[in-house]
Amino acid sequence: MIDRLLERHGVCIPHHDPRLYLSAASKTRSIPGFSILAFPDFWGHLPPPQHEAMAHRGPHIQRLKVFQDIRRFLNTDDIINQVVFDVEDSSVQCLSDSLRFYSKFESGNLRKAVQVRRYEYDLILNADANCSQHTQWFYFEVSNMHRDVPYRFNVINCEKTNSQFNYGMQPVLYSVRAALEGRPQWVRTGADVCYYRNHFCSSRGRRTSTFYTLTFTVTFKHHEDVCYIAYHYPYTYSALKAHLKELQRCVDPSRVFFRQQVLCGTLKGNSCPLVTITACPSSRSWRDLHQLRNRPCIVLTARVHPGESNASWVMKGSLEFLCSSDPVAQSLREAFIFKIIPMLNPDGVINGMSRCDLIGEDLNRQWCKPDPSLSPTIYHTKGFLYYLNSIGRTPQVTQTESVRVVFLTDEFSVGVWIMFPARTCAQVFCDYHGHSRKKNVFLYGCSVKETLWQSGSAVDTVGLKEDPGYRTIPKTLDRIAPAFSFNSCNYLVEKSRSSTARVVVWREIGVLRSYTMESTYNGCDQGIHKGLQTGSRELQEMGMKFCQSLLSVTKDSRALYNKKLIHHIDLDDNVLDHKSHNCFEDDEPPCVEEIEFSADCVPLQGDDLDSDVNRNMADAEEDEEDDGYRGTKHGQSQLKSCLFPHQTRQSSIETLSEKRNTCNGVNIANGQIS
């Protein structure tokens, strides 16, 4: 069947082979034991031919949506309130003209769908496994629709107090029919997109814990199509495995050394890949081999938070560029050995989580003392970095100055010994992330002086020597990457981030250029991409640009950063030098509309929710921490059959062999979600 479909419809997507994806997916282990493949992941995705503008929001839209919600209690004549999908109850029956939902596939997340009115549905998301928090990522199939009919979808158990959905961001949609007609694309979709506090509250814990609604309206273009809707462009673990195999098959082995190894296994038994990319020595002479042995390492990681799929698209751009025949890529391979861990949390990605792993822990809070049994990917990544340090692949200190730095305020109350190297070799660590509350792409780095200045510390920084090289890459990116915002970069080392990868690698291992790179889910408010939503093409371009920026930190910059290479990275002052550091504007103004539910809610200080949120807009995604419950089973389950869910679904599809923690159960009676 697969061969017939490929022969009839044809699919030509760079670095994607449906058969390779099928093979990779058959070995992927999940908690529920998925037996269905989502069509977009199998068939592949091409970026839309044109840029997509941020969604226009008409006046009083949020007011209208809130009033429509209130009408449910005042006028019940058109209210249906029937469950049409429950991920844990396959016996749920739905009306003949209602939409059909499905989410039991890799990276899928939709817990329950309730038909409120004929063309309106409330959607409830699964929290992360073994905890009752983190409901942001969604990815589900919908079918049995009518053409040119506006359907309203309400995701009613969101947790964050604000979202880029209030500032022009839209979800993404993939049409199976369009894909079979030659347009296999995730496109931004949804009109009247709003994000506001609703009247629901948690039935467990404090009643002050309120939920938020993401509402959007979709008008489908085809009758009885099969479509997929997601928070952002999905990128599954199986897609990564297939992509790495495709890259290995395509590279020129005489020029590119490409090796894929297994760093470790995950709790569920999936492998965490480690990729090595560098240039093959031109000969086996002592000089060439000596140069190979002395190349410093660049370490790149991504997807520690499974809901940040944009980080995987950035990583995809980095991988493809480093394996390409581009002269800049060749120069980078000759200068560095790239060690890449493209997915630090495979289990979370596979099971459709937003932030945590299977035991309900944020892996980016485990770097200080990672547990080899409970956080194996972090434990082995940190150990690998220490190993590189022991063999001289990280900055080597010849003469050092040390100082006891004490951050005196509550936010910066950390006392550590910092070693300042007088001479280091070029080496970089960067962890790719996604940011849900800001636009553009930016870096978080580490600086003692900037932390002391902004914390109001009494430590005298006049005689404090610090290598300013941590700003080299951000400054370069500001010139060559249209989506990058130098003004959004931050180099503070707060107490709340003391156990993140960026800070631990900088503090314990001594990597000067240790970064977190945050990519927006929305779009840009500057440069040539201003007013446009970021697509997979722009995210991959950002991965390429980050690699190009590494030329600025090579040991022999004169040899590499020449006019020819500068020409190849398009340093055009008129187009790409957008100088974001000259644009001192707030990231977001307060939301235009203030109306929202306030029943059973603690009054907020300030004029409205958005003013409260924007006073804290500088807080990064890294600030969100969870107290997860430790415990999970490790039963094995593998994908058995696949392809179009609407064509191949069978009554023998396995139900969940291991359910998520019972605190994820859903009940919306009496305005409570439990």
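Residues numbered from 1 in each chain as written. Predicted model: local features only at pLDDT ≥ 70, side-chain atom pairs only at ≥ 80, totals over all residues. Heavy atoms only, no water.

Caption draft 1: Examining the overall build of the protein chain more closely. Looking only at helices and strands, the protein chain features 19 helices and 23 strands. Partitioning the intrachain contacts of the protein chain with sequence separation of at least 6 by distance along the chain shows that 78% fall at a separation of at least 24. Total accessible area computed for the protein chain in this model is approximately 27300 Å², and 49% of it derives from carbon and sulfur atoms. (Helix = DSSP H or I, 4+ residues; strand = E, 2+ residues; numbered from the N terminus. Contact = heavy atoms within 4.5 Å. Areas by Shrake-Rupley, 256 points an atom, 1.4 Å probe, with all protein chains shown as cover.)

Caption draft 2: The sheet that holds strand S20 (residues 441–444), seen in detail. The strand order across the open sheet formed by seven strands is S13-S14-S16-S15-S19-S21-S20, and the pairing between neighbours is mixed. Sheet topology places strand S13 (256–265) and S20 at the edges, where each strand pairs with a single neighbour. When the angles between neighbouring strand axes are averaged without regard to direction, this sheet yields 20 degrees. Note: strand S14 (residues 271–279) against strand S16 (residues 337–341), three bridges, orientation antiparallel. Within S16, the position partnered with Thr276 by the bridge is Lys339. This element, helix H9 (residues 327–335), spans S13, S14 and S16 of the sheet and lies at about 100 degrees to S14. Where helix H14 (residues 501–509) meets the sheet, its contacts fall on strand S19 (428–435), S20 and strand S21 (513–520), and the angle it forms with S21 comes to roughly 170 degrees. (Pairing = 2+ DSSP bridges. Axes fitted to C-alpha atoms, helices over the stretch in contact; angles between N-to-C directions.)

Caption draft 3: Representation of the confidence of the model for the protein chain within the structure. Chain-level statistics for the protein chain give a pLDDT mean of 81 and a share of 76% at 70 or above. Per-residue pLDDT stays below 50 along residues 395–426; that stretch engages in 82 contacts with residues further than four places along the chain or on separate chains. Confidence drops under a pLDDT of 50 for residues 599–668, and excluding neighbours within four residues, the segment shows 195 contacts in the predicted structure. (pLDDT = per-residue confidence, 0-100.)

Caption draft 4: Looking closely at a nonpolar patch on the surface. Where nonpolar side chains cluster on the molecular surface, the patch consists of Phe67, Ile70, Phe73 and Leu74 and spans about 430 Å² of accessible area. Tracing the backbone shows Leu74 in helix H4 (residues 61–74). (Patch = residues over 30% accessible without salt bridge, like charges linked within 9 Å, V, L, I, M, F, W, Y side chains within 5 Å. Salt bridge = Lys/Arg side-chain N within 4 Å of Asp/Glu carboxyl O.)

Caption draft 5: Expanded view of the nonpolar core. Judged by nonpolar contacts, the single largest core of 119 residues is most densely connected at Phe101 and Phe153. It is helix H8 (residues 309–322) that provides the largest number of residues to this core, a total of seven residues. Non-local contacts of Phe153, meaning those with residues more than four positions away in its chain, are made with Leu99, Phe101, Tyr121, Leu123, Leu214, Thr215, Phe216, Val218, Phe220 and Ile229. The next biggest cluster of nonpolar side chains, apart from the first, holds 22 residues, and it includes Cys272, Leu363, Ile378 and Leu388. (Core = buried A, V, L, I, M, F, W, Y, C linked by side-chain atoms within 4.5 Å. Buried < 20%, exposed > 50% of the residue type's maximum accessible area, 1.4 Å probe, protein only.)

Caption draft 6: Inspection of the packing of aromatic side chains at higher detail. Per the counting criterion, the structure on display carries 29 aromatic pairs. Both rings, one in Tyr119 and one in Tyr151, keep their centres 5.3 Å apart while their planes meet at 85 degrees; by these two values the pair is edge-to-face. Linking Tyr119 in the loop between strand S4 (112–117) and strand S5 (120–124) with Tyr151 in strand S7 (residues 150–158), this pair joins segments that are 32 residues apart in sequence. Residue Tyr151 is classed as buried on the basis of its relative accessible area of 0%. Three or more aromatic residues joined by ring pairs form one cluster here, namely Phe39, Phe42, Trp43, Tyr102, Phe105, Trp137, Tyr139, Tyr174, Trp186 and Tyr228. (Phe/Tyr/Trp six-rings, centres within 6.5 Å; stacked < 30°, edge-to-face > 60°.)

Caption draft 7: Spotlight on the packing of helix H6 (residues 237–250) against H8. Two elements in contact, H6 and H8, have axes whose closest approach is 11 Å; the angle formed by their N-to-C orientations is 10 degrees. Relative to H8, the element H6 is oriented roughly parallel. Counting all contacts with H6, which are made through His243, Leu244 and Leu247, the residues of H8 involved are Lys316, Leu319 and Glu320. Here the contact of H6 with H8 is built from residues that sort into three nonpolar, one polar and two charged. (Parallel < 35°, antiparallel > 145°, perpendicular 65-115°, else oblique. Nonpolar A, V, L, I, M, F, W, Y, C, P; charged D, E, K, R; others polar.)

Caption draft 8: Spotlight on the side chain of Ser103. Secondary-structure assignment places Ser103 in the loop between strand S3 (100–102) and S4. Looking at Ser103, its side chain comes within polar contact range of the main-chain oxygen of Leu110, at 2.8 Å. In contact with Ser103, not counting residues within four places along its chain, are Phe85, Val87, Gly108, Asn109, Leu110, Tyr139 and Phe140. (Polar contact = N/O pair within 3.5 Å; in protein donor to acceptor, adjacent residues only side chain to side chain.)

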